[in-house]
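Residues per chain, in single letters:
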Amino acid sequence: MANDLPSEFDVIVIGTGLPESIIAAACSRSGQRVLHVDSRSYYGGNWASFSFSGLLSWIKEYEESTDTLNESPAWQERILESEEAIVLSRKDRTIQHIEVFCYASQDMCEDVEETGALKKNHASVTSVNYTEASDSACLPTEDESLSTLSFEIPAEQTTSSNPESAPEGNYAEATEEKENHCSDKTCVQATSENVPTAENTGEQPRENIITYSQIVKEGRRFNIDLVSKLLYSRGLLIDLLIKSNISRYAEFKNITRILSFREGRVEQVPCSRADVFNSKQLTMVEKRMLMKFLTFCMEYEEHPEEYKGFEEITFSEYLKTQKLTPNLQYFVLHSIAMTSEATSTTLDGLKATKNFLHCLGRYGNTPFLFPLYGQGELPQCFCRMCAVFGGIYCLRHSVQCLVVDKDSRKCKAIVDQFGQRIIANHFIVEDSYFSEDTCSNIQYRQISRAVLITDRSVLKTDSDQQISILTVPESEPGTFAVRVIELCSSTMTCMKGTYLVHMTCTSSKTAREDLEPVVQKLFAPYTKKEIENEEVDKPRLLWALYFNMRDSSNISRNSYNGLSSNVYVCSGPDCHLGNDNAVKQAEALFQQICPSEDFCPPPPNPEDIVLDGDSLQPEALESDSMLHTNSETHKESPYLRSPVEPSE
């Protein structure tokens, strides 16, 4: 039981976000005794993915969040006179300014619930207040009169990938049901092109109106990420997944298109050499200009004379000095380098362009991969590895305080919600768990997020199964470029006939104020007037969520008040497209805890497990596995996996 845990561990990890989960897996793999706890009822923290009803429950949770949670009234009695306590926060303050709008037809019935959901327990059914968009051609503004709709959420799992089930014990049991989707020997495929199937081919008929009750009924088809990111095919996270063989727990799909938004139009950007020469958007002269510049970017470090004197200016200004047309400058800046027009230096832009080109062709014609079922799968993959090597997991398990010895200033233990005192050598804590007193000197940045459900793609093509990334440049000084990721139903993140759109930018105002202008440029509200207009150019917006998320990635550890040297801080998600910051952070903290250990080495093959008395050494077997994992076959293979296991 969670209230009768072992009294001593080597490492205690508080929070199940991606950095914490990577560290937990690495420590467990190196032989450390790991306890991994989270006060939430789901894995992932702010990296989690939810079904539609799960997301509504998450919204409700933040609306009703208070400082009063279950706790042991006498936990202070567990603190000795020679000790002091660092009290942890009992309220998550990382999410602000949540606003929800529903544009789909409101035909809700009381008995509508998700397909496959458990029977409602009416004693625990909750409701959420929704802002219903008015029937106008524009998205709602602050001074419009908005009606309110109340509806029911099925009393069932709150997360799509691993909800409230199995709050304690071994994680492997908690995810046994998920394992049915893909056996241990199933490869982790990065699909380089979308092959239509009978289930997902064909456009949704225009006359088939999508209603809100359909979205709720098909809610389990949605896997909605709180954080919107992609994986660079040669990025640190992909390399770590392959090296550790954790990739066998997940499945990936290749991003099929990179788009640009210019002069009010969405266009596809040519990426590979073949795309450049097949493009009808570029003249032959432009094609040669672009190929010459991209070739230089791949080798820019070998030719410093080419950019000497331009290091201090912006990449945007540097591009103007090159033999590139305005059309090419726009493509390179916003769709290849994907850097800020106002703040990114020349070296930042050249480095980003080289990284983009370096990742091309490994798993498809774009540099990016997306995990099926959403980003929330990634923390769970590492949690599973931790559990395989003996880590213990407890969800809905609050930690009241860290116990610090007054003389040595070292953290000795935690006291949990049951008043149990658990000793450890090292403590890893996610930033959101620290109290306002601990963080009183910190000024956090914010991320503006929008999650949209639409009825078709921003750029219609013959295939309705496109996965796209689009950057909309900043429109005025003081604002930031908006990154748009559009996911189709083949990513297992939305129901058939819809698209799931994620928008992200650095905050300058509230999320709605930052992102709604871009939403208005790309989408039209799903109103009766728009439905009757068959010639509408823009995709129709069915549902929208806006919120601000804390960005703690740039906070120095010294900024926190009174932390012991053996207490390590993990930040939440940052605003960047990739996950490199999480991997770098996890590896740096792991090296402080286990300086002589390898970071997430591959596990031994089960058939090669060495028993006492056998002559073969485990180190030799692991070394052999590493050689296979890093072989060239992985670089061009569409699979993220180690070689096939030997047949019996």
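Residues numbered from 1 in each chain as written. Predicted model: local features only at pLDDT ≥ 70, side-chain atom pairs only at ≥ 80, totals over all residues. Heavy atoms only, no water.

The chain is annotated in an unreviewed UniProt entry as Rab proteins geranylgeranyltransferase component A of Chrysochloris asiatica. Looking at the chain in UniProt, the text filed under Function (unreviewed entry) is "Substrate-binding subunit (component A) of the Rab geranylgeranyltransferase (GGTase) complex. Binds unprenylated Rab proteins and presents the substrate peptide to the catalytic component B. The component A is thought to be regenerated by transferring its prenylated Rab back to the donor membrane." (UniProt positions renumbered as here; feature names shortened; annotations may be inferred.)

### Section: helix H2 (residues 52–64)
Between its first and last C-alpha, H2 extends 19 Å over 13 residues, near the 18 Å set by a 1.5 Å rise per residue. Of all 13 residues in H2, 10 are buried; the element is thus mostly enclosed. Within the span of H2, buried status applies to Phe52, Ser53, Gly54, Leu55, Leu56, Ser57, Trp58, Ile59, Lys60 and Tyr62. (Helix = DSSP H or I, 4+ residues; strand = E, 2+ residues; numbered from the N terminus. Expected span 1.5 Å × (residues − 1). Buried < 20%, exposed > 50% of the residue type's maximum accessible area, 1.4 Å probe, protein only.)

### Digging into the pairing of strand S27 (residues 567–570)
For a regular strand, the rule is simple: side chains alternate between the two faces of the sheet. Here S27 shows two buried faces, one formed by Val567 and Val569 and the other by Tyr568 and Cys570. When strand S20 (residues 426–430) meets S27, the two strands line up parallel, connected through four bridges. In the strand pairing of S27, isoleucine 428 is matched with tyrosine 568. (Pairing = 2+ DSSP bridges.)

### Concerning the packing of aromatic side chains
The full count for this structure, using the stated rule, is 17 aromatic pairs. Centroid distance tyrosine 43 to tyrosine 393: 5.9 Å. Interplanar angle 55 degrees. Geometry classified as tilted. Of this pair, tyrosine 43 sits in the loop between strand S2 (34–37) and strand S3 (49–50) while tyrosine 393 sits in strand S16 (residues 392–394), placing them 350 residues apart in sequence. Since its relative accessible area comes to 3%, tyrosine 43 is described here as buried. On the numbers, 6.3 Å between centres and 20 degrees between planes, the contact of phenylalanine 315 with tyrosine 318 is stacked. Of the two residues, phenylalanine 315 and tyrosine 318 both sit in helix H8 (residues 315–321), three residues apart, roughly one turn of that helix. In this pair, the class of phenylalanine 315 matches that of tyrosine 318, namely buried. A connected cluster of aromatic rings, assembled from ring pairs, spans Tyr42, Phe50, Trp58, Tyr62 and Phe547. The ring of tyrosine 330 carries arginine 262 above its face, with NZ or CZ at 5.2 Å from the centroid. In this structure, arginine 550 is placed above the aromatic ring of tyrosine 444, and the distance from its NZ or CZ to the ring centre is 4.0 Å. (Phe/Tyr/Trp six-rings, centres within 6.5 Å; stacked < 30°, edge-to-face > 60°. Lys NZ or Arg CZ within 6 Å of the ring centre and 35° of its normal.)

### Details of the packing of helix H9 (residues 326–336) against helix H10 (residues 346–359)
For the pair H9 and H10, interaxial distance at closest approach is 10 Å and the crossing angle is 75 degrees. Considered as vectors, H9 and H10 are oriented roughly perpendicular to each other. Where H9 approaches H10, its residues Val332, Ser335 and Ile336 are matched on the opposing element by Ala352, Thr353 and Phe356. Its residues placed into classes, the contact of H9 with H10 shows four nonpolar, two polar and no charged. (Axes fitted to C-alpha atoms, helices over the stretch in contact; angles between N-to-C directions. Parallel < 35°, antiparallel > 145°, perpendicular 65-115°, else oblique. Contact = heavy atoms within 4.5 Å. Nonpolar A, V, L, I, M, F, W, Y, C, P; charged D, E, K, R; others polar.)

### Quick word on the sheet that holds strand S19 (residues 421–423)
Sheet architecture is open: four strands sit in the order S4-S17-S18-S19, paired in antiparallel fashion. A single partner strand is all that each edge strand has here, and the edge strands are strand S4 (83–87) and S19. Each strand axis lies, on average, 30 degrees off the axis of its neighbour in the sheet, ignoring direction. Summarising the sheet, S4 and strand S17 (residues 399–405) pair through five bridges and their orientation is antiparallel.

### Some remarks on the pairing of strand S21 (residues 445–454)
When you tally the buried positions in S21, you get eight out of 10 residues, the bulk of the element. Here 10 bridges tie S21 to strand S26 (residues 540–551), and the two strands are oriented antiparallel to one another. Considered in S26, the bridge of valine 451 is made with leucine 545.

### Quick notes on unusual backbone geometry
Backbone phi values are negative for most residues with the exception of glycine, while trans is the configuration of most peptide bonds. Even without being glycine, arginine 396 reaches a positive phi, approximately 50 degrees. Within the secondary structure, arginine 396 is located in the loop between S16 and S17. Located in the positive-phi region is cysteine 600, a residue other than glycine, with phi close to 50 degrees. With respect to the secondary-structure elements, cysteine 600 resides in the loop between helix H14 (580–593) and helix H15 (618–629).

### Some words on the side chain of asparagine 566
Secondary-structure assignment places asparagine 566 in the loop between S26 and S27. A distance of 2.8 Å separates the side chain of asparagine 566 from the backbone oxygen of cysteine 411, its partner in a polar contact. In contact with asparagine 566, not counting residues within four places along its chain, are Lys410, Cys411, Asn425, His426 and Phe427. (Polar contact = N/O pair within 3.5 Å; in protein donor to acceptor, adjacent residues only side chain to side chain.)

### Remarks on the nonpolar core
Phe52, Trp58, Phe293, Met503, Leu522 and Trp543 are the most contacted members of the largest nonpolar core, which has 98 residues in total. For this core, the element with the highest residue contribution is S26, accounting for eight residues. Judged by nonpolar contacts, the second largest core, of 46 residues, contains Ile23, Leu241, Cys381 and Cys386. (Core = buried A, V, L, I, M, F, W, Y, C linked by side-chain atoms within 4.5 Å.)

### Considerations on the pattern of salt bridges
Taken as a whole and judged by the stated rule, the model has 21 salt bridges. With its nearest N and O atoms 3.5 Å apart, the salt bridge here joins aspartate 239 to arginine 362. Residue aspartate 239 is found in helix H5 (residues 236–244), and its partner arginine 362 is found in the loop between H10 and strand S15 (368–371); the two are separated by 123 residues along the sequence. Judged by its relative accessible area of 35%, aspartate 239 is partly exposed. We classify arginine 362 as buried; its relative accessible area is 7%. When the shortest N-O distance is used, the salt bridge between glutamate 486 and arginine 257 registers 3.8 Å. Here the residue glutamate 486 occupies a position in strand S23 (residues 482–487), and arginine 257 occupies one in strand S13 (residues 257–262), the gap between them amounting to 229 residues. (Salt bridge = Lys/Arg side-chain N within 4 Å of Asp/Glu carboxyl O.)

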